[in-house]
Each structure stands twice: as C-alpha cells, then as structure tokens.
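Letter by letter, the chains look like this.
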Amino acid sequence: MAWYGRLLSGLLFVAWSGVLAQAGENKFRLLHADHEAAQARADVIRSATKSIETTYYWIGDDRIGAWYMSLLLEAACRGVRVRLVVDADYNDVPPTVERRLVSSGVEIKEFHPRGRGQLSWLNRRMHDKTIIVDDRQLIVGSRNMRDSHFGLAKLNYVDRDAYLCGEVAAHARRYFDCLWNCDQVGWTDFEQTAEQRRRQRKAERSGEFLASYGDKSVSPDRWFAAGCKVTICGEPIECDAYDWCAEACPACGVCFVYDPCGIKGHPRGISQQLLNFLASARGSIVLETPYFVMSHDLKRVLGDATARGVHVLLLTNSLASTDQKCVTAEFHNQKHWLLAHGVEIWELAGPNHLHAKSAVVDRSAAFVGSYNFDPRSELLNTETGVIVHDAGVAEWVLNSIGEHLGRSYQFGPDGRAVADGSRHPGASLGRILHMQSTRLFAPLFRKSL
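The shown structure was predicted, so the numbers you read here are calculated from the model rather than taken from an experiment.

1. Overview of the state of the cysteines
For the structure on display, the rule yields two disulfides. One disulfide bridge connects Cys165 with Cys245, the sulfur atoms lying 2.2 Å from each other. Across the S-S bond of Cys165 and Cys245 the torsion is about -75°, and the bridge reads as left-handed. Here Cys165 is found in strand S8 (residues 161-166), whereas its partner Cys245 is found in helix H7 (residues 244-247), with 80 residues between them in sequence. Note on accessibility: Cys165 and Cys245 belong to one class, buried. Each sulfur in the disulfide pair Cys178 and Cys261 lies 1.4 Å from the other. Note that Cys178 is positioned in helix H4 (residues 167-181) and Cys261 in the loop between strand S13 (254-258) and helix H8 (270-279), a separation of 83 residues in sequence. Taken N- to C-terminal, the disulfide-bonded cysteines of the chain are connected 1-3, 2-4.

2. Concerning the packing of helix H10 (residues 325-340) against helix H13 (residues 429-438)
It is the contact of H10 with H13, at a shortest axis distance of 8 Å, that shows an interaxial angle of 65°. By the angle between their axes, H10 is roughly perpendicular relative to H13. Between H10 and H13 lies a crossing whose hand is right-handed. Contacts from Lys325, Cys326, Ala329 and His332 in H10 reach Arg431, His434, Met435 and Thr438 in H13. Partitioned by chemical class, the residues of the contact of H10 with H13 number three nonpolar, three polar and two charged.

3. Describing the pairing of strand S5 (residues 129-133)
Of all the five residues making up S5, five are buried; the element is thus mostly covered by neighbouring parts of the structure. Here S5 shows a buried face lined by Lys129, Ile131 and Val133 and a second buried face lined by Thr130 and Ile132. Of the strand pairs in this sheet, strand S2 (residues 51-56) and S5 are connected by five bridges, and their pairing is antiparallel. Residue pairing in the sheet places Thr55 in a bridge with Thr130 of S5. Sheet topology note: the S5/strand S6 (residues 137-141) ladder contains four bridges and is antiparallel. Looking at the pairing, Ile131 lines up with Ile139 of S6.

4. Some words on the sheet that holds strand S18 (residues 358-361)
Here eight strands make up an open sheet; going across it, the order is S13-S20-S19-S18-S14-S15-S16-S21 and the pairing mixed. The two strands at the open ends of the sheet, each matched to only one other strand, are S13 and strand S21 (408-411). Neighbour to neighbour, the strand axes of the sheet diverge by 15° on average, direction disregarded. Here strand S19 (residues 365-369) runs beside strand S20 (residues 384-388); their pairing, made up of four bridges, is antiparallel. Looking at the pairing, Val368 lines up with Val386 of S20. Packing of H10 onto the sheet brings it into contact with strand S15 (311-317), strand S16 (344-348) and S21, and relative to S16 it is tilted by some 145°.

5. Digging into the sheet that holds S2
Across a sheet, paired strands are connected by hydrogen bonds in the backbone, their directions being either parallel or antiparallel. The strand order across the open sheet built from nine strands is S9-S4-S3-S2-S5-S6-S8-S1-S12, with neighbouring strands paired in mixed fashion. Two strands bound the open sheet, and with one partner strand each, they are strand S9 (185-187) and strand S12 (249-251). Between one strand and the next, the sheet's axes are offset by a mean angle of 25°, whatever the strand orientation.

6. Description of the packing of aromatic side chains
Tallying each qualifying case throughout the model produces 17 aromatic pairs. Ring geometry for Phe28 against Trp396: centres 5.9 Å apart, planes inclined by 70°, an arrangement best described as edge-to-face. In this pair, Phe28 is assigned in strand S1 (residues 26-31) and Trp396 in helix H12 (residues 391-405), connecting sequence segments 368 residues apart. For Phe28, a relative accessible area of 1% corresponds to the buried category.

7. What about the confidence of the model for the chain?
Detailed reading of predicted coordinates is not advised where the pLDDT is low. Here the chain shows a mean pLDDT of 89. Residues at 70 or above account for 89%. Segment residues 1-24: pLDDT under 50, and 52 contacts once partners within four positions in sequence are set aside and those in other chains are kept. Contacts of residues 210-216 to residues separated by more than four positions or lying in other chains number 15 contacts, the stretch itself having pLDDT below 50.

8. Thoughts on the pattern of salt bridges
All chains considered together, the criterion is met by 22 salt bridges. Across the salt bridge formed by Arg83 and Glu53, the nearest N and O atoms sit 3.4 Å from each other. Placement of Arg83 in strand S3 (residues 81-87) and of Glu53 in strand S2 is noted, with a sequence separation of 30 residues between them. Look at Arg83 and you get buried, because its relative accessible area is 3%. Among the charged side chains, a salt-bridge network with shared partners connects Glu53, Arg83, Asp135, Arg173 and Asp177.

9. Concerning the nonpolar core
Core analysis: the largest hydrophobic core is formed by 47 residues, its most contacted members being Ile45, Ile52, Trp67, Tyr68, Met69, Leu101 and Tyr163. No other element matches the 10 residues that helix H2 (residues 63-77) contributes to this core. Once residues within four sequence positions are removed from consideration, Ile52 is found in contact with Ile45, Leu72, Ala75, Val80, Arg81, Val82, Arg83, Ile131, Ile132 and Val133.

10. Digging into a nonpolar patch on the surface
A surface patch of nonpolar side chains, about 490 Å² in accessible area, is lined by Leu440, Phe441, Leu444 and Phe445. Here Phe441 lies in the segment after H13. Judged by its relative accessible area of 37%, Phe441 falls in the partly exposed class.

What counts, and at which threshold
Residues numbered from 1 in each chain as written. Predicted model: local features only at pLDDT ≥ 70, side-chain atom pairs only at ≥ 80, totals over all residues. Heavy atoms only, no water. Disulfide = S-S within 2.5 Å. Helix = DSSP H or I, 4+ residues; strand = E, 2+ residues; numbered from the N terminus. Buried < 20%, exposed > 50% of the residue type's maximum accessible area, 1.4 Å probe, protein only. Axes fitted to C-alpha atoms, helices over the stretch in contact; angles between N-to-C directions. Parallel < 35°, antiparallel > 145°, perpendicular 65-115°, else oblique. Left-handed = near helix turned anticlockwise from the far one by under 90°. Contact = heavy atoms within 4.5 Å. Nonpolar A, V, L, I, M, F, W, Y, C, P; charged D, E, K, R; others polar. Pairing = 2+ DSSP bridges. Phe/Tyr/Trp six-rings, centres within 6.5 Å; stacked < 30°, edge-to-face > 60°. pLDDT = per-residue confidence, 0-100. Salt bridge = Lys/Arg side-chain N within 4 Å of Asp/Glu carboxyl O. Core = buried A, V, L, I, M, F, W, Y, C linked by side-chain atoms within 4.5 Å. Patch = residues over 30% accessible without salt bridge, like charges linked within 9 Å, V, L, I, M, F, W, Y side chains within 5 Å. Areas by Shrake-Rupley, 256 points an atom, 1.4 Å probe, with all protein chains shown as cover.

Right, here's the structure in full:
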C-alpha cells in the first residue's frame, strides 16, 4: 500500500463552533478490540459521580443490552443522574424492564417516537452512539449495545470506538442537552413494539434466556441477570479495572462533531464538517466505512482530491461480508468511477460485517464516529463523532485500519481482486445474482441508502 509523505501536523480544519480544544486539554485512546470497548464503558459508568448522558441507535434485547442497562441502573441507584435517548425503532428493551429502570431513576426518551410526529420521521433515525460521564469523559464510535457488536453472536460486526477525556466531553454534553430538550424526542411509553413481540415469540420457541414467563412478560430480574458476568473473547468484564483518563494519551485539536439538536442540513453540522475535512487533504485520504455510497457532494470532493494528486484508499464491505445488499449494489454501480479516478479499493473478506467508520487525512488528522459515508448519514440520520488533528492519533487509527486491511481483498484497476482475479471473492452465486439484479433499481433509492 503506497502512502504519500506526511504533511505538517499543524494543518487545521476549523470546527463549526469556531474554537478547537487546545493541546493538553484532552486525552484520547482508541478502543479497537471488543473487550477493551466493553471494559471502558463499564469503568467510566462506574466512575460517574454526578451525571451520565448516553445516546444509542440500537439497544438489544440480549446479553449486552441487559449488561449495559444494568450498569445504568446501578448508577441511578447510587444517586447519579442518568439520561438515555434511544432511537424509537431500535429500542428493544422490554417494557417491563423500562418500567423498572424509570422507577429507579433512569430517565429514558426516544428519538422520533412512533405515532407522535411527522410522516418524514419514519425515514429519519438517530444513529448516535455516545456516552458522556460527569462532563469529563466521552466514548463515541460505531458500536451499538448488542451482542453482535461485541463478538458474542454467530456473525459479528467489526467496530471501532474512541475514549476521550477533557473539554470535548463538555462540548458533547451541550449537544446532548439540546437534543434532550428538542421536539425530536419524547418520553418512552413502555409499549412493546412489533419487533419485540416477534423476538419474544422466537425466544419462547428456542428456549433462549429472553423467554416469557407465566404472565407473558419478561421478568426484569431475570433479564438483568442475563447480563451479569459477561465474558468477551474469553475475558470477563472486571470491576473498576482501569482509570482510562490516566492511561489515555494527550491529543491536540479535538473537535466533537454532530447534528445540532438532531436536525439535518445545518450548514455547520457533521456532514459539512466531514466534507470540509476530506477537502483539506493534500497528500492522502484513508476511508473505512461499511456502507459506502457517494452523494453528489462526496463525489465532488473525492474527484477534486484525486485531480490534485491526493491518494485515496477505501476499505468497505465485500459482497460476502455485507449485511446491506442494496447498499453494496449501489456501491458496485459507482465502483467503475472510483477505480477510474485512481481510488485504491479494499473489501473485507468476511464472514463478519465491517461496521467501523473512520477517516484519516494526510496522516495528521483522524475522524472516528458513527457516520457512514453515504447519503443516509449525510441527509437523514443524526450522527456523532470526533475529529482529532493530531499525528499520533492519526497513526493510531491507521494502524487499526491496517489490521482490518490484513483481512481484506485489494482490487485492481480492472475491478478484480488482486489475489485471485475474481470480482466477488467469497460470495455465493445467489448473492451475486441478487446484487446484480438489485443494481438496476438501487439508484432510485440512493438518497435513502
């Protein structure tokens, strides 16, 4: 893999707030492995003394969901103010459990509650994945609170998070307060969704721990107990194992990026910030995203970058590893343009799904967050992340991406894998035929992909 020379690490991109945190005010640690990502969450929540604010796109009705909510319950019971915003369509916490949480002091709101807003809300989701503790510690990235995002399912997601300590957490808290008080969210109503009913019936048939009991409702005690003693990669989640702030590295030029109050289209929101971030490249751009589909603006930015000699590397899902076949179909519609413009394309071999969302510019600045470089993230879903203008952090993220590249196929200018000359290595004939047929109508839905 060819890299261009490093530019001066002082190249800065001006954040929408107009002020970047100065060196020494923030610390950074990359959470690459599933176990350290879980351990960090446990430790920062247990260290909370005043407040916990957290937003999640998806909280599962599984071991990780039970484990995470039990951490929030414990914090509330010791007097910490706990506030949670979860997307209404992906809140799988059983209603009986929610009632226990709320009665114990956990405040829960849902983003775009069903039946209480505009019709346009149906296609607009809150994709955030953040934890803010005591206005001082922040975890942000791509992991949802589900088994499959921590290596506990048959097929798992390959993710990346970041831990930060310092002023950036207070910035994130201001965003959360705006979201919490806006009309985009509403109090949870404890109603069981159709998806939860479907999962409950499936659990009854399979005998899983989520099975219902005599009164056809999930026992909160049994549900929380399922999340106890979670082991990830054979390692248990310990109690108060680390002081993550003490072990993190100082980082300069840290900026929390987001959609103000959950509203898309803001001229200084995350989409414009990331477009400007990529447009600042003078030597190299490295993109890792599971669902890569170019909007008109992203295509323009990448086209301008390659025209001025910037080397662009893209790592995304292969047809064998993707969990979104329609997105992959539209990516293949755009693949010829990417290769014709000299973009170096790599695809994860699978069977696990790539889910990390990161970018590195000129080996001197990096982005880590929830933002997929696709029209849905740009135009519809709320997103969060951090941009860090620090060469050490950029190298850290590059090394993490490099580990994923070691499990990926590189494609040549002819659109074939360099290793074996195939166009869709590892994919079944059924997947290939499905993708080829989907390519015909995928452009019609590009803005929703």
